[in-house]
Amino acid sequence: MLRVAIGLGVAALGVGALVGSERAASRQTGSDRVVVTYWEKWTGDEMNAMKRVVDAFNASQDRIFVKYLSISGIADKTLLAASGGNPPDVAGLWSDQVVQFADAGALTDMSELAKEHGIGAEDYIPAYWNQVVYDGGLYALPTSPGSAAIHVNRALMPPEYDTPEEFPKTISEFDRFVDKVTRRNRDGSLETIAFLPRDGWGLWNLPHLFGGSFVEGEKVDVNGPDDLKAWTWVHSFAVRFGVRETQSFRSGFGNYSSPQNPFLSGKLATYSDGPWFSNFIRLYNPRLDWFAVPFPYPDGRPDLKGFTTLNLNTLMIPKGAAHPREAFEFLAFVQRQPVMERLCKDQRCNSPLAEVSEEFFRTHPNKEIRLFDRLARSPRAVGPIPMGIRNQIGSEVANAVDLMDLGQKKPKQALDDAQTRLEEIWAKYRRQVLAR
Amino acid sequence: MNARRNQRIGLLFAMPWILGFLVFLAYPLLSSFYYSFTSFSVLRTPIWIGGENYRELLGDEVFHISLRNTVLFSAASVPLATVGAIILAMLLNTGVRGMAFYRTLFYIPSLVPMVALGVLWLWVFNGQYGLLNEGIKSTGIAGPPWLTDPAWSKWTLVIISIWGTGNAMVIYLAGLQDVPQSLYEAAEMDGAKTLRKTWHVTLPMISPVILFNVIMGIIGSLQTFALPYVMFPGGQPARSTYFFAMYLYDNAFLYQRMGYASAMGWVMFAMTLTLTLLALKLAARHVHYEGG
């Protein structure tokens with residue numbers, strides 16, 4: 001009996017010691033450096049690119065040691081860890097989570113820390129900076145960003161479209177181009193489609209291309225006249241190629257990061273994606289001859305020229321982090337121009353910083369990097385929906401467009417229904433989350 | 001004195017399990033029941049809102065769609081998988097040579113992780129180059145776009161559910177091998193042929209095993225998550241593959257509505273319990289227990 005009790009006691013002590021040592025290890029190394037735990041979503045080349053930055057930071061001083069961990073499902077895990085009172089000191093999330101996480105009280109406002117380090121809006125491209133500030137607070141700092149451009153497979157272009165200069169500039173020119181480049185097999189099935197506005201990256205923001213948006217002031221607005229114009233244009237592709245034919249054609253698309261990617265396999269002649277896509281081209285179809293161009297703009301609306309969707313990887317300090325000041329020192333290190341440029345170049349992205357060296361452009365592995373940089377600086381560059389219910393907006397609008405394409409609802413009806421549902425969701429969110 | 005001491009020692013030995021049950025099962029279970037009556041976004045203190053989450057579920061169109069999808073999937077996949085597994089087990093029970101090999105072969109698929117399975121099936125059901133449509137094309141018929149047409153997407157998952165019948169098949173096989181040979185001999189003496197023997201001897205004798213597998217099948221199918229989550233992100237096309245567990249997950253982690261997700265979890269629990277009790281009640285007249 002006594003032995004059993006002693007055994008159980010020893011086991012309990014063992015578990016306690018394990019838990020204790022984990023906590024202790026998260027604070028200090030043998031050299032008394034403060035250990036900053038950093039969770040990041042990346043794997044592979046992207047993870048290694050940030051690993052080089054972390055190593056450089058650890059080597060640059062002797063007070064702080066950043067412990068870098070690649071974590072899957074990072075958003076859920078960060079949220080749950082914060083809820084349990086033991087979050088990482090730094091979390092590498094996306095900018096589209098800033099608003100929702102800030103509303104949930106999951107993030108540290110870094111405004112004061114940024115001021116102390118002399119970091120401010122003037123250091124960044126405005127459309128990127130706008131993604132990390134919310135409701136008067138600074139909740140993240142940028143790492144590698146992206147902007148969307150249309151990638152063109154030159155081999156599938158007729159001579160009149162095979163240079164960036166000759167590529168269509170307006171929507172009506174683009175529509176004619178789509179008809180001309182799309183090819184069918186002898187049995188009438190689709191062989192190549194010039195462009196599909198629902199396949200590619202950054203296309204959820206298409207209402208902005210026509211002057212619309214998802215938000216008007218503090219209200220959800222997915223069914224305004226410009227939104228309707230945009231989604232009707234998107235829907236017109238299903239109409240012109242046939243719903244069944246398009247379904248059949250799209251069902252042949254393989255995974256994004258594979259040689260069966262519809263653009264890399266030649267099924268789509270053009271494809272919207274960010275600067276990192278050049279890496280996938282290099283990996284899966286290195287012989288592909290391509291160039292990139294901006295999106296076309298609606299006829300008679302040159303003011304809408306320069307549309308692009310932006311995304312941004314960010315570093316956040318979760319609420320309750322053990323070492324926010326030390327964590328911010330690491331964040332500030334990443335913001336230095338040479339460090340940021342190296343990271344972005346290694347990840348084949350443009351830089352979020354206002355100032356970019358000529359060396360960065362000259363040595364960048366993406367030959368179109370100047371275009372991506374130019375688009376990010378455009379006044380028509382659009383980031384994520386700045387609302388805590390952006391996931392629900394995305395889901396409802398995607399469903400509305402599905403229903404249009406399937407012929408189950410007219411575009412106006414589909415958008416009106418989505419609007420009604422989203423208004424209810426927004427009202428509830430304001431009552432249950434924002435009012436607290 | 002001795003009895004009390006024995007009781008204490010017994011409790012001490014059972015303590016790891018009791019503690020595990022209390023900490024990892026009872027506490028989360030009771031907490032989620034409480035949260036289902038609150039507005040709770042994980043990090044903020046939950047606020048009591050009474051039955052609002054449950055009332056909202058009644059009028060939530062997406063909840064109804066996900067529920068309908070789940071029930072339809074369950075109604076189609078459970079009978080299909082049950083019949084498939086029984087037939088497979090019966091075939092393997094005919095004394096075929098190398099039975100151990102076939103048994104292993106049919107069981108292996110149920111060991112493949114769901115995510116890997118999802119990627120594999122994406123290839124099989126690829127509308128243009130998939131193995132399935134290539135096979136159908138050889139008969140002169142064009143196969144449907146399984147993954148992109150809402151009329152077919154749910155059926156794609158139903159067909160895939162048959163892939164995992166190996167697990168049930170092994171249990172049926174064990175049940176079949178327990179059927180006394182004397183019953184078959186008696187039936188043969190009465191002139192019964194294969195079909196009659198199956199209907200009047202085999203199926204009644206393995207009916208408890210069928211009931212067990214059906215109940216497990218219902219529970220499993222109502223909780224379907226990983227496969228559609230991998231194959232049809234967001235329940236596309238047009239939410240035709242948006243299942244109950246996917247909507248629950250989205251509410252909990254994507255929309256950070258943990259209270260609402262908890263309410264959904266309890267609705268799922270009530271549904272599963274009701275269907276299980278219903279199955280037990282309906283089975284009472286048809287299930288034959290050898291012992292009583």
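Everything quoted here is computed from the prediction, not taken from an experiment.

A.B. asks: Hey, could you go over the overall build of chain B for me, with residue numbers and the actual values?
C.D. replies: Each helix and strand in chain B was counted, giving 14 helices and two strands. If one aligns the C-alpha atoms of chain B with their principal axes, the spans along those axes are about 80 × 70 × 35 Å. Across chain B, every contact between residues at least 6 apart in sequence was considered, and the portion connecting residues at least 24 apart equals 69%.

A.B. asks: Would you mind going over the sheet that holds strand β12 (residues 270-273) of chain A in detail, with residue names and values included?
C.D. replies: Residue and element names in this part refer to chain A. Taking strand neighbours across the sheet as the criterion, the three strands line up as β12-β7-β13 in an open arrangement whose pairing is antiparallel. In the strand order of this sheet, the two ends are held by β12 and β13 (290-293), each with one partner. This sheet shows a mean twist of 30° between the axes of neighbouring strands, independent of strand direction. Two elements, strand β7 (residues 149-153) and β13, share four bridges in a ladder whose sense is antiparallel. Looking at the pairing, Val152 lines up with Phe291 of β13.

A.B. asks: Tell me about the packing of helix α9 (residues 225-241) of chain A against helix α16 (residues 390-405) of chain A, and name the residues and values.
C.D. replies: Residues and elements named next belong to chain A. Where α9 meets α16, the closest approach of the two axes is 9 Å, and the angle between their N-to-C directions is 45°. Taken as axis vectors, α9 and α16 run oblique relative to one another. Considering only the axes of α9 and α16, their crossing is right-handed. Of α16, the residues touching α9 (which contributes Trp231, Val234, His235 and Ala238) are Val401, Met404 and Asp405. The class makeup of the residues in the contact of α9 with α16 is five nonpolar, one polar and one charged.

A.B. asks: Which residues make up the interface of chain B and chain A, and what values go with them?
C.D. replies: Across the boundary between the two partners, chain B contributes 27 residues, which contact 27 residues of chain A. Among the elements of the structure, α1 (2-35) and α13 (244-254) of chain B are those that each provide at least two residues to the side of chain B that touches chain A. In the side of chain B that touches chain A, the residues fall into 14 nonpolar, nine polar and four charged.

A.B. asks: Describe in detail the nonpolar core, supporting the description with residues and values.
C.D. replies: Membership of the largest hydrophobic core comes to 166 residues, with the highest contact counts inside it found for Val66(A), Val90(A), Tyr139(A), Ile393(A) and Tyr172(B). In this view, Val90(A) contacts Val36(A), Tyr38(A), Leu315(A), Ile317(A), Ala327(A), Phe330(A) and Leu331(A); residues no more than four positions away in its chain are not counted.

A.B. asks: Explain helix α8 (residues 166-177) of chain B to me, and be specific about the residues and the numbers.
C.D. replies: Residue and element names in this part refer to chain B. When the terminal C-alpha atoms of α8 are compared, their 16 Å separation across 12 residues agrees well with the 16 Å that a helix rising 1.5 Å per residue should span. Among all positions in α8, only Ala168, Met169, Tyr172, Leu173 and Gly175 are buried. Projected down its long axis, α8 shows its buried positions confined to an angular sector of 160°, all on one face. In α8, the exposed positions angled more than 90 degrees off the buried face are occupied by Ala174 and Gln177. Looking at the buried residues of α8, the elements they touch are α3 (61-92), α4 (99-107) and α11 (207-222).

A.B. asks: Can you explain unusual backbone geometry? Please cite residues and give values.
C.D. replies: Residues and elements named next belong to chain B. Here Gln236 and Pro237 are connected by a cis peptide whose omega angle stands at -5°. Positionally, Pro237 belongs in the loop between α12 (226-231) and α13. Of note in this structure, Val42 is not a glycine but carries a positive phi near 75°. Along the chain, Val42 turns up in the loop between β1 (38-39) and β2 (47-48).

A.B. asks: Give me the lowdown on the confidence of the model for chain A, citing residues and values where you can.
C.D. replies: Low pLDDT marks regions whose predicted coordinates should not be analysed in detail. For chain A, mean pLDDT is 92; residues scoring 70 or higher make up 93% of the total. This stretch, residues 24-28 of chain A, has a pLDDT under 50; its non-local contacts, to residues over four places away or in other chains, come to 10 contacts.

A.B. asks: An account of the pairing of strand β14 (residues 308-316) of chain A is requested, with residue identities and associated values reported.
C.D. replies: Residues and elements named next belong to chain A. Of all the nine residues making up β14, nine are buried; the element is thus mostly covered by neighbouring parts of the structure. What you see with β14 is no split at all: Thr308, Leu310, Leu312, Thr314 and Met316 on one side and Thr309, Asn311, Asn313 and Leu315 on the other are buried throughout. Across two bridges, β14 lies against strand β15 (residues 381-382) in parallel orientation. Residue pairing for β15: Thr308 is matched across the bridge by Ala381.

What counts as what
- Residues numbered from 1 in each chain as written.
- Chains lettered and ligands numbered in written order.
- Predicted model: local features only at pLDDT ≥ 70, side-chain atom pairs only at ≥ 80, totals over all residues.
- Helix = DSSP H or I, 4+ residues; strand = E, 2+ residues; numbered from the N terminus.
- Contact = placed C-beta atoms within 7 Å.
- Pairing = 2+ DSSP bridges.
- Axes fitted to C-alpha atoms, helices over the stretch in contact; angles between N-to-C directions.
- Parallel < 35°, antiparallel > 145°, perpendicular 65-115°, else oblique.
- Left-handed = near helix turned anticlockwise from the far one by under 90°.
- Nonpolar A, V, L, I, M, F, W, Y, C, P; charged D, E, K, R; others polar.
- Core = buried A, V, L, I, M, F, W, Y, C linked by C-beta atoms within 7 Å.
- Buried ≥ 20, exposed ≤ 12 C-beta atoms within 10 Å, placed from the backbone.
- Expected span 1.5 Å × (residues − 1).
- Arc of directions from axis to C-beta.
- pLDDT = per-residue confidence, 0-100.

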